[in-house]
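Remarks on the overall topology
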Amino acid sequence: MTNNQWASVEPLLPAARVGPEGGRRDKHPRRRIVDAIFYVVRTGCAWRQLPRDFALWQTVY
């Protein structure tokens with residue numbers, strides 16, 4: 001994903017809820033998660049077949 005594409009997508013994602021309201025810090029950058037989702041959509045592979053370059057399939061799913 002290019003920087004311009006990410007600038008268009010990032011505002012659409014909900015803000016992370018960190019602190020006393022709940023949640024924890026992101027373990028993986030959101031951009032990498034979105035890239036992994038696009039990879040599955042583009043290639044048609046199963047979630048479990050995500051390359052190791054991405055986060056674990058359970059995280060991306």
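Residues numbered from 1 in each chain as written. Predicted model: local features only at pLDDT ≥ 70, side-chain atom pairs only at ≥ 80, totals over all residues. Heavy atoms only, no water.

**Some details on the overall build of the chain**
To keep things clear, this is the line we draw: Put simply, DSSP H or I for four residues or longer makes a helix, DSSP E for two residues or longer makes a strand, and each gets a number counted from the N terminus. Pairs of residues are marked as contacts when any of their non-hydrogen atoms sit within 4.5 Å. Note on areas: these come from Shrake-Rupley sampling with a 1.4 Å probe, and a residue is covered only by the protein chains present in the view.
For the chain, the helix and strand inventory stands at 3 helices and 0 strands. Reading the chain from its N terminus to its C terminus gives the helix and strand order α-α-α. Along the first, second and third principal axes, the C-alpha set of the chain runs to 40 × 25 × 15 Å. Residue pairs at least 24 apart in sequence account for 33% of intrachain contacts in the chain once pairs closer than 6 positions are excluded. Of the accessible surface of the chain, which amounts to about 5200 Å², a share of 52% is contributed by carbon and sulfur atoms.

**A few points about the environment of E10**
Let me state the cut-off plainly: Partly exposed describes any residue whose relative accessible area lies between the buried limit of under 20% and the exposed limit of over 50%, with all areas from a 1.4 Å probe on protein chains only and scaled to the type maximum.
Checked against the element boundaries, E10 lands in the loop between helix 1 (3-9) and helix 2 (30-43). Judged by relative accessible area, which is 43%, E10 ranks as partly exposed. Residues E10 and L50 lie 40 residues apart in sequence; the distance between their C-alpha atoms is 22 Å.

**Some words on the side chain of D35**
Tracing the sequence through the fold places D35 in helix 2. Contact partners of D35, with chain neighbours within four places excluded, come to M1 and F54.

**Brief notes about the pattern of salt bridges**
The cut-off we apply is this: What counts as a salt bridge is simple: a side-chain nitrogen of Lys or Arg found within 4 Å of a carboxyl oxygen of Asp or Glu.
Summed over all chains, the structure comprises 1 salt bridge. Put simply, D26 and R30 hold a salt bridge, and the shortest N to O gap is 3.1 Å. When its relative accessible area of 44% is taken as the criterion, D26 is described as partly exposed. For R30, a relative accessible area of 28% corresponds to the partly exposed category.

**Examining helix 2**
Convention followed: To estimate the expected span of a helix, subtract one from its residue number and multiply by 1.5 Å.
The end-to-end C-alpha distance of helix 2 is 20 Å, a good match for the 20 Å that 14 residues give at a rise of 1.5 Å each. Taken together, the buried positions of helix 2 are I33, V34, D35, A36 and V40. The inward-facing, buried residues of helix 2 abut helix 1 and helix 3 (57-60). At the exit of helix 2 stands G44, carrying a positive phi of roughly 75°.

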